[in-house]
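Listed here are the chains, written in short residue letters.
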Amino acid sequence: MDIRVFKTFIQVAKTKHFGHAAENLYITQAAVSARIKQLEEFYGTQLFIRDKNNLRLTPSGETLLAHAHLMIEQLEQSKQAITTAKKQKTQFTIAATPNVWDAFFSSRIQETIDFFSEVSLGTEISVREVIQRKLGEKTLDVGLLTDPIKDEDFTNTLIGHFELALVSTSENHLDVIDHYILVDWGLTFLKEHALHHKLQPSLRTSAAMIALEVLLSRGGFAYLPLALVSTLITNKTLYKVETPLLTKRPIYMVTKNQSSTSRKNELLNNYGSFLKSNA
């Protein structure tokens, strides 16, 4: 049933006149009569009592009037909802651990924003456990970690590496041996660290920027991203210290396995390729 038929019915009921309803709707009086007849045939009942100069609703017409208003209102609401939905962007959220944010992702945030120009992008810094939980709940799309999540429900894609350097505020780091700052560079790093270093840290942190700030203000030494401290090494604000640890660390893009071929899957695949090309 055409919704215009119900709008015509409401106009006739409101004006109590076929001619006036026609004028309000910018249609002919014959079209008004045809639409009312269509409604009466559909419901199998008379909707108006047509006395001379006195047009009024029948009991059936009174009943239909409330439903006609409701149908038109629901139609308008559905049109508004669809219009809003068409304007809404796909939601996409990326989380990185603090160390990955400082060593890798912060330098790529502008390119990431440009990459997701057609998407409503969210970014956050979270610990590994929270990232894994949110990925499992599908409230997060991508996690950036230094260690893979060893679970068959997740996909781990190696997207690049970053270089660490053990740096000190003193040319001889033994001078500041009591001021070692232990930065958490992931599970694998901490295992290797425990094998090669028996240092008692004066501070533990998961954020390279916090470590660097404390290092520059109070002195000491720490493992920091080479890209972050290269200028400070060049101008001899910091000094590079030889280390037995593997300084090249991996970055994994971790996602929850998806069974459907959705827009999100396409974004995930393209973003993985994008990160690899910009690693």
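Below: a short report on this structure. Because the structure is a prediction, the values reported are computed rather than measured.

## Section: the nonpolar core
In terms of nonpolar packing, the biggest core is built from 46 residues, with Leu144, Trp185 and Leu224 touching the most fellow members. With six residues, strand 6 (residues 154-168) is the single largest residue contributor to this core. Setting aside residues no more than four positions away along its own chain, Leu144 makes contact with Ile94, Ala95, Ala96, Thr97, Val100, Phe105, Ile159, Tyr252, Met253 and Leu275.

## Comments concerning the packing of helix 1 (residues 3-15) against helix 3 (residues 29-43)
Remark: helix 1 packs on helix 3, axes separated minimally by 9 Å, with the N-to-C direction vectors making an angle of 105°. Compared by their axis directions, helix 1 and helix 3 come out roughly perpendicular. Counted together, Arg4, Val5, Phe6, Thr8, Phe9 and Val12 of helix 1 and Val32, Arg35, Ile36, Gln38, Leu39 and Tyr43 of helix 3 form the full contact between these two elements. When its residues are assigned to classes, the contact of helix 1 with helix 3 shows eight nonpolar, two polar and two charged.

## Digging into helix 7 (residues 128-137)
Within helix 7 the residues assigned to the buried category are Arg128, Ile131 and Leu135. An end-on view of helix 7 places all buried positions within 60° of arc, on one side of the element. Buried-residue contacts for helix 7 involve strand 3 (90-96), strand 5 (142-145), strand 6, helix 8 (187-196) and strand 11 (248-256). Positive backbone phi, approximately 65°, marks Lys138, located one or two places after helix 7.

## A short note on the packing of aromatic side chains
Applying the stated criterion to the full structure yields 13 aromatic pairs. Relative to Tyr43, the ring of Phe42 lies with its centre 5.0 Å away and its plane at 90°, an arrangement referred to as edge-to-face. The class of Tyr43 is partly exposed, set by a relative accessible area of 37%. Ring geometry for Phe162 versus Trp185: centroids 5.5 Å apart, planes at 50°, classification tilted. One end of the pair, Phe162, is in strand 6; the other, Trp185, is in the loop between strand 7 (180-183) and helix 8, and 23 residues separate them in sequence. Like Phe162, the residue Trp185 is buried in the burial classification. Over the ring of Phe104 we find Arg108; its NZ or CZ atom is 3.9 Å from the centre of that ring.

## As for the side chain of Ser168
The topology assignment puts Ser168 in strand 6. At 2.9 Å, the side chain of Ser168 forms a polar contact with the backbone oxygen of Ser170. Ser168 has contacts with His173, Val176, Gly220, Phe221, Thr237, Leu238, Tyr239 and Val241, leaving out every residue within four places of it along the chain.

## Looking at the pairing of strand 6
Bridge count between strand 6 and strand 11: nine bridges; the pairing is antiparallel. Bridge pairing links Phe162 to Arg249 in strand 11. Bridge count for strand 6 against strand 9 (residues 221-225) is five bridges, and the pairing is antiparallel. Along strand 9, the bridge assignment pairs Ala165 with Leu224. Both strand 6 and strand 10 (residues 239-241) contribute to a ladder of three bridges, which runs antiparallel. When the bridges of strand 10 are listed, Ser168 appears paired with Tyr239.

## Let's talk about the packing of helix 1 against helix 2 (residues 18-25)
Viewed as axis vectors pointing N to C, helix 1 and helix 2 meet at an angle of 130°, and their least axial separation amounts to 8 Å. For the element pair helix 1 / helix 2, the angle class is oblique. The interaxial crossing formed by helix 1 with helix 2 has right-handed handedness. Of the residues in helix 2, those touching helix 1 at Thr8, Gln11, Val12 and Thr15 are Phe18, His20, Ala21, Asn24 and Leu25.

Thresholds, definitions, all that
Residues numbered from 1 in each chain as written. Predicted model: local features only at pLDDT ≥ 70, side-chain atom pairs only at ≥ 80, totals over all residues. Heavy atoms only, no water. Core = buried A, V, L, I, M, F, W, Y, C linked by side-chain atoms within 4.5 Å. Buried < 20%, exposed > 50% of the residue type's maximum accessible area, 1.4 Å probe, protein only. Helix = DSSP H or I, 4+ residues; strand = E, 2+ residues; numbered from the N terminus. Contact = heavy atoms within 4.5 Å. Axes fitted to C-alpha atoms, helices over the stretch in contact; angles between N-to-C directions. Parallel < 35°, antiparallel > 145°, perpendicular 65-115°, else oblique. Nonpolar A, V, L, I, M, F, W, Y, C, P; charged D, E, K, R; others polar. Arc of directions from axis to C-beta. Phe/Tyr/Trp six-rings, centres within 6.5 Å; stacked < 30°, edge-to-face > 60°. Lys NZ or Arg CZ within 6 Å of the ring centre and 35° of its normal. Polar contact = N/O pair within 3.5 Å; in protein donor to acceptor, adjacent residues only side chain to side chain. Pairing = 2+ DSSP bridges. Left-handed = near helix turned anticlockwise from the far one by under 90°.

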